[in-house]
Amino acid sequence: MSPPEDAPPIVVEGLTKVFPGKRRRPDKTAVDSISFHVDKGEIFGLLGPNGAGKTTTIRMLSTMLIPTSGKAWVLGRDVTKEEVAIRKRINLVSGGERGLYYRLTGRQNLRFFSELYGIDPKARDRRIEELLELVDLTESADLRVEDYSRGMKQRIHIARSLVNDPEVLFLDEPTLGLDPEIAREIRALIRRMADMGTTILLTTHYMFEAEELCDRIGIISEGRLVALGNALELKDSVNNATVIHVETREDPYKAVEALEGMEGVLHVTSDRVPGRFIVRMQVEHGSDLLSEVNEAMRGLRVLRIGYDEPTLEDTYISLVSDHER
Ligand SMILES: Nc1ncnc2c1ncn2[C@@H]1O[C@H](COP(=O)(O)OP(=O)(O)OP(=O)(O)O)[C@@H](O)[C@H]1O
Ligand SMILES: [Mg+2]
């Protein structure tokens, strides 16, 4: 069975990847029967803990890795049978070191990859200059990539992924290791691409990035898709929880321990930020724990305490830890 002509650019049905165990280790089901689709011009985010199966999913959809079972179509074509036809019309940015020639300059890399795609030389040079401009590397275009900073490497990766004007773009942690300003520019670029009709599937560990950028989000945990929807829908899906937010001057670790065991408390996270500690507690709806929390924090200088709206991160933590349990 194949999807109709007007099917979404990415259709995934029961996709599964099992890596055979080596040296008497058990098999590893990295992706476990996931199904979703991505519409044209949509930005779809895959979120999940380390090892959840995000990169494996992207590698199967970009025809780099053969699925164990299940089906997937990209631009209406079967990822296991029509790799060549798919590869011409998609591209992939995967964080890390591979995919560029370090001894070549940025411009030479773009030229090399344009040639691989058989792009007409006249159109090619103009396009390369546009791409260099787009990722703000015009001035460093003639430096070898090995001499680029990490952020510059990531930007040339992104430029490289655009040489064939892909209709579907896979971005595996596109802003990893980038400074905030460049990360913001990359996000704006991703948004512009989607507005022009490019279909984008990305992974990220940055919740605000997912919230800002993604039309829909799939949360994956231990290979399974545990939630799917836009950020608002995801937050609503765990609306049995209310969040209590506390900020203290001193380390509240003892209070956190006490609260974790308390009836009605679902999840507690604590973070240290300069000058203060932030504790966020997800408590069951309707359980009025504010006075207990106040009591637990006694002796600490409390800067702020009160109810708060759940963020995408709260939702993520709730979904992933419930699934892992
Ligand atoms: N080639 C491989 N052989 C064996 N196991 C693999 C292989 N590639 C990935 N895995 C395993 O599959 C699981 C999923 O890995 P994957 O790289 O897809 O996770 P991820 O969600 O991208 O994580 P991260 O957020 O750390 O990038 C992990 O347990 C990993 O060890
Ligand atoms: Mg990964």
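The shown structure was predicted, so the numbers you read here are calculated from the model rather than taken from an experiment.

**A short note on the sheet that holds strand E3 (residues 43–47)**
Pairing within the open sheet is mixed, and its six strands lie in the order E6-E7-E8-E3-E9-E10. Only two strands of the sheet have a single partner each, and these edge strands are strand E6 (90–94) and strand E10 (224–229). Neighbour to neighbour, the strand axes of the sheet diverge by 15° on average, direction disregarded. With five bridges joining them, strand E7 (residues 168–172) and strand E8 (residues 199–203) adopt parallel strand pairing. Considered in E8, the bridge of phenylalanine 170 is made with leucine 201. Sheet strands touched by helix H6 (residues 180–195): E3, E7 and E8. Its angle to E8, the strand with the most contacts, is close to 150°.

**Brief notes about the pairing of strand E1 (residues 10–19)**
Side-chain positions along a regular strand alternate between the two faces of the sheet. Where E1 and strand E4 (residues 69–74) come together, five bridges link them in antiparallel fashion. Bridging from a neighbouring strand, isoleucine 10 pairs with valine 74 of E4. Taken together, the seven bridges between E1 and strand E2 (residues 28–38) define a ladder with antiparallel strand orientation. When the bridges of E2 are listed, phenylalanine 19 appears paired with lysine 28.

**Quick word on unusual backbone geometry**
Even without being a glycine, serine 33 presents a positive backbone phi close to 55°. Along the chain, the position of serine 33 falls in strand E2. A positive phi is found at glutamate 222, a non-glycine position, where the angle reads about 50°. Looking at where glutamate 222 falls in the secondary structure, it is placed in the loop between strand E9 (216–221) and E10. By the C-beta count within 10 Å, which is 17 here, glutamate 222 ends up partly exposed.

**Focus on the packing of helix H3 (residues 106–116) against helix H5 (residues 150–161)**
Running from amino to carboxyl end, H3 crosses H5 at an angle of 25°, the nearest separation of the two axes being 9 Å. Between H3 and H5, the angle is such that the two are roughly parallel. For H3 against H5, the interelement crossing comes out right-handed. Here H3 contributes Gly106, Asn109, Leu110 and Phe113 to the contact with H5, which in turn contributes Ile156, Ala159 and Arg160.

**Side note on the packing of H3 against helix H4 (residues 121–134)**
Taken N-terminus to C-terminus, the directions of H3 and H4 make an angle of 130°; their axes are 10 Å apart at the nearest point. Looking at the two axes, H3 sits oblique to H4. Relative to H4, H3 is oriented so that their crossing is right-handed. Facing H3, whose interface residues are Gly106, Arg107, Leu110, Arg111 and Ser114, H4 presents Arg124, Ile128, Leu131 and Leu132. Residue composition of the contact of H3 with H4, by class: four nonpolar, two polar and three charged.

**Overview of the domain arrangement of the chain**
You can read the domains of the chain as domain 1 (10–235) and domain 2 (240–309). Each of domain 1 and domain 2 has a C-alpha centre, and the two are 38 Å apart.

Parameters and conventions
- Residues numbered from 1 in each chain as written.
- Chains lettered and ligands numbered in written order.
- Predicted model: local features only at pLDDT ≥ 70, side-chain atom pairs only at ≥ 80, totals over all residues.
- Pairing = 2+ DSSP bridges.
- Helix = DSSP H or I, 4+ residues; strand = E, 2+ residues; numbered from the N terminus.
- Axes fitted to C-alpha atoms, helices over the stretch in contact; angles between N-to-C directions.
- Contact = placed C-beta atoms within 7 Å.
- Buried ≥ 20, exposed ≤ 12 C-beta atoms within 10 Å, placed from the backbone.
- Parallel < 35°, antiparallel > 145°, perpendicular 65-115°, else oblique.
- Left-handed = near helix turned anticlockwise from the far one by under 90°.
- Nonpolar A, V, L, I, M, F, W, Y, C, P; charged D, E, K, R; others polar.
- Domains from an automatic or database assignment.

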